[in-house]
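Coordinate analysis (summary)
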Amino acid sequence: MKSTSLWRYEARRAGWPACLAAPASLLVTVALAVASAGFGAPPPSVHGVLLSGVEALVPLAAAMAAVTVVSVDRCRELQLALPAAYAGTLGRRLGVVAGIGAALSVLFSTALRLTGAWTGPQSPLASVLVWASPLLGLTGLALLVAVLGRSVVLATTTVAVVWLCQQLFAAALAAGAWSRPFFLFMTSRAGVADGWGTNRAVLAACGVLFITTALLLLRRPERLLTEEEV
């Protein structure tokens, strides 16, 4: 009971906008798929929109939500004065946001598989990597920039620029030997081709590295204080 209350409290402290980011991204995905079908797009194209939503929109929403959780805390000075490590508190809040995104992604992917609309890898484990690897990579980047820069604008801009550039130059990034391992949208743009497993592994490893670095930096949590809070 106490554990449940704690997680509910952390969800409230994370903020409902952050918690609703992943559900909103999937609603947008469904809306885009319905619109595509309404305009006469063939089923494979509609299924591609659904896959793109899981691989591209959910990680973007999770990364933006992470920036909000890290950068917006009106009681940060009080938190830093408490005996409990702020990194642990922040980790729980990020865990709530990431957990919501992960659970909904699994349910959404399962629903697509059951309805025959899934165009990703057939292995259940590989299917998880479709959204988990870019989510880790993009969220880790967002967390690290937010901790280093102590700026919502800088962190959100960095994430948005990386995401948008990878969308605009998808063909070149998927074809380049040096850039392919870091390409976020390999599944929806290039399919499960040669190098897909390496790509998913590299993205996940980068995410873990970014998150670990951010947590090490948070051993000095005063780094999060802005000039107005100092």
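Our subject is the structure that appears above.
Residues numbered from 1 in each chain as written. Predicted model: local features only at pLDDT ≥ 70, side-chain atom pairs only at ≥ 80, totals over all residues. Heavy atoms only, no water.

Within the protein chain, the secondary structure is distributed over eleven helices and zero strands. In the protein chain, buried positions account for 42% of the 230 residues. Counting contacts in the protein chain only where the partners sit at least 6 residues apart, residues at least 24 apart contribute 67% of the total. When the accessible surface of the protein chain is split by element, carbon and sulfur atoms take 71% of a total near 11600 Å². (Helix = DSSP H or I, 4+ residues; strand = E, 2+ residues; numbered from the N terminus. Buried < 20%, exposed > 50% of the residue type's maximum accessible area, 1.4 Å probe, protein only. Contact = heavy atoms within 4.5 Å. Areas by Shrake-Rupley, 256 points an atom, 1.4 Å probe, with all protein chains shown as cover.)

The biggest cluster of nonpolar side chains holds 53 residues, and the ones touching the most others in it are Val-70, Leu-94, Leu-138 and Phe-183. At the level of elements, helix H3 (21-38), helix H4 (43-71), helix H6 (86-114), helix H7 (124-149), helix H8 (152-168), helix H9 (170-175) and helix H11 (196-217) are the ones that each hand at least two residues to this core. If sequence neighbours within four positions are ignored, Phe-183 has contacts with Gln-166, Ala-170, Leu-173, Ala-174, Arg-189, Asn-199, Arg-200 and Leu-203. (Core = buried A, V, L, I, M, F, W, Y, C linked by side-chain atoms within 4.5 Å.)

Tracing the backbone through its elements, the reader meets Pro-124 in helix H7. For the pair Pro-124 and Ser-109, spaced 15 residues apart in the sequence, the C-alpha separation amounts to 9.5 Å.

In a regular helix each residue adds 1.5 Å, so 17 residues correspond to 24 Å; H8 covers 24 Å between its end C-alpha atoms and thus fits that length. Those residues of H8 that sit buried are Ala-155, Val-159, Trp-163, Gln-166 and Gln-167. Axial view of H8: buried residues confined to an arc of 110°, hence all on one face. Turned more than 90 degrees from where H8 packs its buried face, Val-153 and Leu-168 sit exposed. (Expected span 1.5 Å × (residues − 1). Arc of directions from axis to C-beta.)

What follows is about the packing of H7 against H8. Where H7 contacts H8, the two axes come as close as 8 Å, and the packing angle between them is 150°. Viewed along their axes, H7 and H8 adopt a mutual orientation that is roughly antiparallel. Like other packed secondary-structure pairs, H7 and H8 cross with a definite hand, here right-handed. When H7 is examined against H8, the residues Leu-138, Leu-141, Ala-142, Val-145, Ala-146 and Gly-149 are found in contact with a partner set consisting of Leu-154, Ala-155, Thr-158, Val-159, Val-162 and Trp-163. (Axes fitted to C-alpha atoms, helices over the stretch in contact; angles between N-to-C directions. Parallel < 35°, antiparallel > 145°, perpendicular 65-115°, else oblique. Left-handed = near helix turned anticlockwise from the far one by under 90°.)

Following the criterion strictly, the structure yields one salt bridge and no others. For Glu-55, the salt bridge goes to Arg-200, with nearest N and O atoms at 3.2 Å. Taken together, the residues span a long stretch of sequence, with Glu-55 in helix H4 and Arg-200 in helix H11 at a distance of 145 residues. The burial state of Glu-55 is the same as that of Arg-200; both residues are buried. (Salt bridge = Lys/Arg side-chain N within 4 Å of Asp/Glu carboxyl O.)

Moving on: the packing of H7 against H11. Where H7 meets H11, the closest approach of the two axes is 7 Å, and the angle between their N-to-C directions is 30°. Put simply, H7 runs roughly parallel to H11. Like other packed secondary-structure pairs, H7 and H11 cross with a definite hand, here left-handed. For the contact of H7 with H11, the class distribution of residues is 17 nonpolar, five polar and one charged. (Nonpolar A, V, L, I, M, F, W, Y, C, P; charged D, E, K, R; others polar.)

What follows covers a nonpolar patch on the surface. Judged by side-chain polarity, Leu-164, Leu-168 and Phe-169 come together as a nonpolar surface patch covering roughly 330 Å² of accessible area. On the secondary structure map, Leu-164 appears in helix H8. (Patch = residues over 30% accessible without salt bridge, like charges linked within 9 Å, V, L, I, M, F, W, Y side chains within 5 Å.)

Turning our attention to the side chain of Thr-187. Within the secondary structure, Thr-187 is located in helix H10 (residues 186-190). The buried category is assigned to Thr-187, whose relative accessible area is 4%. Separated by 2.8 Å, the side chains of Thr-187 and Glu-55 make a polar contact. With residues up to four places along the chain from it excluded, the contact list for Thr-187 reads Leu-51, Glu-55, Gly-120, Pro-121, Val-130, Val-192, Trp-196 and Arg-200. (Polar contact = N/O pair within 3.5 Å; in protein donor to acceptor, adjacent residues only side chain to side chain.)

Applying the stated criterion across every chain yields a total of two aromatic pairs. Centre to centre, the rings of Trp-163 and Phe-185 are 5.9 Å apart; their planes meet at 80°, and the pair counts as edge-to-face. Remark: Phe-185 occurs in the loop between H9 and H10 and Trp-163 occurs in helix H8; sequence separation between them is 22 residues. Phe-185 sits in the buried class, given a relative accessible area of 1%. Between Phe-183 and Phe-185, the aromatic rings sit 5.8 Å apart at their centres with planes inclined by 80°, giving edge-to-face as the arrangement. (Phe/Tyr/Trp six-rings, centres within 6.5 Å; stacked < 30°, edge-to-face > 60°.)

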